[in-house]
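Letter by letter, the chains look like this.
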Amino acid sequence: MKTESEGRAGLLYGIGAYGMWGLVPLFWPLLKPAGAVEILAHRMVWSLVFVGLALLALRRWSWIPELVRSPRKLALITVAAAVISVNWGLYIWSVNAGKVVEASLGYFINPLVTIALGVLVLKERLRPAQWAAVGVGFAAVLVLAIGYGQPPWISLTLAFSFAIYGLVKKKLNLGGLESLAAETAVLFLPALGYLIWLGAQGDLAFGSEGAGHAALLASTGIVTAVPLVCFGAAAIRVPLSTLGLLQYLAPTFQFLLGVLYFHEAMPPERWAGFSLVWLALTLLTWDALRTARRSRAAMAEAVADAVASVEAAAATEVESAAETLAAEAPAAHPGR
């Protein structure tokens, strides 16, 4: 019962995390007239404040000395901070510039880019279905590039930046809160310096648009950290295959918001490109589920074989012991 309860809780946490990431396009326009770079700077500053308070409450500081003593990890943190700042800043700009659909495409094709990086950087070997998915995804980008008259650079930049971020995080091997704290610590001083400079120029939106607007800018830290906390809670409670399916919730919500709420145009070539991307993701999902089922079946078979071997060995031991006792019985009682 406890396992089922944990699984349900993990599923709800996962839906909450990806749901919040999917609905975040509704939040960034509320921060206007602040520009994308100012919003990004506030996100960096307030995220560190919020995450720092969370770590203080949880008393999770033991990772800091080890991180400080490792130049390699510090370098990876710096790369992760730089890459995620590009991703965050471009995403905020895209939403406030009325390009929500193109931004959602970036997160749809992100799994395909991640697989491609796995081949190029980690020298991973792909299964045939994965190769097919990557090929269909490449065709989708070509269709969209022809339709746009240029490559969908927003989508590609978002996809590649987040894929590189994921690759760096995999090598870094830090928890979600800890990683976010370290990354925003790297970004804190440049972000704070930029906000101070904006204030000196008289261009700072924070405080000039009323207390409510200032509170919204400060809440960017909560908007950043809360989904991450929910994701971390989901990751330890549900299988990776489930998380892999849930990840499509965020770009799906973003796409629907772009089409139905922001009323962005969807010409035929865009529908064609998105359809190819969805076909590629369907192939990936089918392959992942099939592989997971085969792995579970193989593990179950291996466990059954191991149990059978143990039982056979135990039976042999018992039989051998019985034969030994039977052989020794007449010698022990020769008068009977």
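One numbering rule holds for all chains: residues counted from 1, following each sequence as written. Only residues with pLDDT of 70 or above have their local features reported here, since the model is predicted, and side-chain atom pairs are shown and tallied only from 80 upward, although totals for entire chains, interfaces and linings are computed over all residues. Side-chain figures throughout are based on the complete set of non-hydrogen atoms in the structure, without hydrogens or water.

### Things to note about the overall build of the protein
Helix and strand definitions here come from DSSP, where helices need a minimum of 4 consecutive H or I residues and strands a minimum of 2 consecutive E residues; each element is numbered from the N-terminal end. When helices and strands are tallied, the protein shows 13 helices and zero strands. For the protein, the succession of helices and strands along the chain, N to C, is α-α-α-α-α-α-α-α-α-α-α-α-α. Counting all 336 residues of the protein, 39% fall into the buried class. Contact definition: two residues touch when any of their heavy atoms are within 4.5 Å. Excluding contacts between residues fewer than 6 apart, the proportion of contacts in the protein whose partners are at least 24 apart in sequence is 85%. Only protein chains enter the area calculation, which uses a 1.4 Å probe; residues under 20% of their type maximum are buried, those over 50% are exposed, and those in between are partly exposed.

### Observations regarding the environment of Leu-40
Take Leu-40: it is sitting in helix α2 (residues 36-58). For Leu-40 and Trp-88, which are 48 residues apart along the polypeptide, the C-alpha to C-alpha distance reads 6.8 Å. Here Leu-40 is in contact with Ser-85, Trp-88, Gly-89 and Ile-92, once residues within four sequence places are set aside.

### Comments concerning the side chain of Glu-102
With respect to the helices, strands and loops of the structure, Glu-102 is situated in helix α5 (residues 100-120). At 4.5 Å, Arg-270 is the nearest oppositely charged side chain to Glu-102, a buried residue that forms no salt bridge. With residues near it in sequence (within four places) discarded, Glu-102 still touches Tyr-148, Pro-152, Trp-153, Ile-154 and Ser-155. Positive residues here are Lys and Arg, negative ones are Asp and Glu, while His and the chain termini are left out of the count. Basic side-chain nitrogens of Lys or Arg form a salt bridge, by our definition, when they fall within 4 Å of a carboxyl oxygen of Asp or Glu.

### Some thoughts on the pattern of salt bridges
Under the criterion given, the structure shown has five salt bridges. The partner of Lys-73 in a salt bridge is Glu-66, and the shortest N-O contact between them spans 3.5 Å. Where Glu-183 meets Lys-169, a salt bridge forms, and the shortest distance between an N and an O atom there is 3.6 Å. One end of the pair, Glu-183, is in helix α8 (residues 176-201); the other, Lys-169, is in helix α7 (residues 153-172), with 14 residues separating them in the sequence.

### Comments concerning the side chain of Ser-104
Within the element layout of this structure, Ser-104 appears in helix α5. N or O atoms closer than or at 3.5 Å make up a polar contact, with two conditions inside protein: a donor-capable atom paired with an acceptor-capable one, and, for residues adjacent in sequence, both atoms drawn from side chains. A polar side-chain atom of Ser-104 sits 2.6 Å from the main-chain carbonyl oxygen of Val-101. If we ignore the near neighbours within four places in the chain, the residues touching Ser-104 are Pro-251, Gln-254, Phe-255 and Phe-274.

### Thoughts on helix α4 (residues 71-96)
If you check α4, its first and last C-alpha atoms are 38 Å apart, about what 26 residues at 1.5 Å a residue would give, namely 38 Å. A positive backbone phi angle near 80° is found at Gly-98, which sits one or two residues after α4. Multiplying 1.5 Å by the residue count of a helix minus one yields the expected span of that helix.

### A look at the environment of Leu-187
Tracing the chain through its elements places Leu-187 in helix α8. Distance from Leu-187 to Leu-48, taken between C-alpha atoms, is 9.1 Å for residues 139 residues apart in sequence. Sequence-distant contacts of Leu-187, defined by excluding residues within four places in its chain, comprise Met-44, Ala-81 and Ser-85.

### Remarks on the nonpolar core
Nonpolar side chains in soluble globular proteins generally cluster together in the buried interior. Among buried residues, those of type Ala, Val, Leu, Ile, Met, Phe, Trp, Tyr and Cys that are joined through side-chain atoms within 4.5 Å constitute a nonpolar core. Core analysis: the biggest nonpolar cluster contains 27 residues, and Val-51, Leu-55, Trp-63 and Leu-180 have the highest contact counts within it. Where this core is concerned, the elements lending two or more residues are α2, α3 (63-68), α4, α7, α8 and α10 (220-235). For Val-51, the residues in contact, after removing those within four places along its chain, are Leu-177, Leu-180, Ala-181 and Ala-225. Counting residues in each nonpolar core, the second largest holds 23 residues, with Leu-126, Ala-140, Leu-281 and Leu-284 among its members.

### Some details on unusual backbone geometry
Going from Lys-32 to Pro-33, the amide bond is cis rather than trans, its omega being 15°. With respect to the element layout, Pro-33 can be found in the loop between α1 (2-23) and α2. Here Arg-59, not a glycine, exhibits a phi torsion of approximately 55°, which is positive. Mapped onto the elements of the fold, Arg-59 is located in the loop between α2 and α3.

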